[in-house]
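Take a look at the letters that make up each chain.
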Amino acid sequence: MLKTAYLSGLLLVVLFLVVAHPARSQGRAAPLVMGETFTLSSAALGETRRINVYLPPAYVDSATAAPLPVLYMPDGGLAEDFLHVAGLVQVLTGNGSMRPFILVGIENTQRRRDLTGPTTNPEDQKIAPRVGGSAAYRTFIRAELMPHIRQRYRTSPETAVVGESLAGLFVLETLLLEPSLFTTYVAFDPSVWWNKGQLVNQMEKQLRAYSGPAKTLYIGSSRDNEKIPETQRLAMVLRKAPQTSLRVHYQTLPAETHATIYHPAALQAFRSVFQPKPTSAK
């Protein structure tokens, strides 16, 4: 009887310790690390920007591994598109569907300012207190961010940029105005309605005139975007573009809306334009 009472009392003490002090029995929680983050002061933008970086295992596991290409993304904050794009890069690299890339996400401060070019359309000018800052944003990437990334990480000369909606507009504008900045341009539902479709008006002539190093352009378009007249004109222009210096991939995703396009389109795009390079047979 006394033994039973003693064991019952001991059991109650043990249960109390487990319930009242779960950390002692289960261990302390630790941060879940999936990349790096730092801030960079920008003279071009007149502000400090937060940069988020995903480094694939091929980079992290060896200090002597080959330098890697870099994929830059606007909308690259943790509360924006960085996490799901980093997940895609991790999965596709892991299963051999794409080559390893360093992913560099640029967190927004004034998105509509940075990702839009000049406009004469009064309706465009209503979307934010300031618009038309894409030239300064491009200067930030070219003159400040890229040199810092090259200094901080082991990078190859290959670069790419990916963006959706207004960020997709920025991707296309950069291809037209400064094609040397990136090797590959990836845009999903680009907002080519901006400035009454002026970018599309310029594109056919400029693409035909381009004779520089080979570039790759991938555009993914949702069923919402396909209804926009400027998008329809863009598709026609790209179908006519010479496939010599510019390799164009244009894909419609009728199952997706503007709200759902990014992740499934990125999956298709990365498989298409970042395929592992074939190894030579021994």
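Before reading further, recall that the structure is shown in the block above.
As a starting point, this report considers the structure included with it. Small disclaimer: the values here were computed from a predicted structure and weren't measured.

**Some thoughts on the overall build of the chain**
Each helix and strand in the chain was counted, giving 10 helices and 8 strands. Expressed as a percentage of contacts within the chain between residues at least 6 apart in sequence, the contacts between residues at least 24 apart total 77%. As presented, the chain carries roughly 14,700 Å² of accessible surface, and 58% of it is formed by carbon and sulfur atoms.

**Structural notes on the packing of helix α6 (residues 134-152) against helix α7 (residues 166-177)**
Here α6 crosses α7 at 75 degrees, and the two axes come no closer than 11 Å. Of the possible angle classes, the one that applies to α6 and α7 is roughly perpendicular. Mapping the contact onto sequence places Ser134, Tyr137, Arg138 and Ile141 in α6 and Phe170, Glu173, Thr174 and Leu177 in α7. Taken together, the residues of the contact of α6 with α7 break down into 4 nonpolar, 2 polar and 2 charged.

**Some points on unusual backbone geometry**
Trans peptide bonds make up most of the peptide bonds, and negative phi angles are found at most residues other than glycine. Phi at serine 165 takes a positive value of approximately 65 degrees, unusual for a residue other than glycine. Structurally, the position occupied by serine 165 is in the loop between β5 (155-164) and α7. On the basis of relative accessible area, serine 165 is assigned to the buried category, the value being 11%. A positive phi angle, near 45 degrees, is found at aspartate 189, a position not held by glycine. Positionally, aspartate 189 belongs in the loop between β6 (184-188) and α8 (198-209).

**With respect to the sheet that holds strand β7 (residues 215-222)**
Within a sheet, adjacent strands bond to each other through the backbone by hydrogen bonds, running parallel or antiparallel. The strand order across the open sheet built from 8 strands is β1-β2-β4-β3-β5-β6-β7-β8, with neighbouring strands paired in mixed fashion. Single-partner strands in this sheet number two, and they are β1 (36-42) and β8 (246-253). Ignoring which end each strand starts from, the neighbouring axes of this sheet average 20 degrees apart. In the sheet, β5 pairs with β6 via 5 bridges, with the strands oriented parallel. When the bridges of β6 are listed, glutamate 164 appears paired with phenylalanine 188.

Rules used throughout
Throughout, a residue's number is its position along its own chain's written sequence, starting from 1. With the structure being a predicted model, the display of local features is reserved for residues of pLDDT at least 70 and the display and counting of side-chain atom pairs for 80 or more, all residues being used for whole-chain, interface and lining totals. Derived side-chain values reflect all non-hydrogen atoms in the structure, with water molecules and hydrogen atoms excluded from consideration. The helix count covers DSSP runs of H or I at least four residues long, the strand count covers runs of E at least two residues long, and both are numbered beginning at the N terminus. The contact rule is simple, with two residues in contact once any of their heavy atoms fall within 4.5 Å. Only the protein chains shown count as cover for residues, with accessible areas throughout obtained via the Shrake-Rupley method and a probe of 1.4 Å. Inter-axis angles, ranging from 0 to 180 degrees, are taken between N-to-C directions of lines fitted to C-alpha atoms, where helices are fitted over the stretch in contact. In these notes the angle categories are as follows: under 35 degrees is roughly parallel, over 145 is roughly antiparallel, 65 to 115 is roughly perpendicular, and the rest is oblique. Each residue gets one of three labels, nonpolar for Ala, Val, Leu, Ile, Met, Phe, Trp, Tyr, Cys and Pro, charged for Asp, Glu, Lys and Arg, and polar for the others, Gly among them. The rule is simple: take the accessible area with a 1.4 Å probe, protein chains only, and divide by the maximum for that residue type; under 20% is buried, over 50% is exposed, in between is partly exposed. Only strands joined by at least two bridges in the DSSP assignment are considered to pair.

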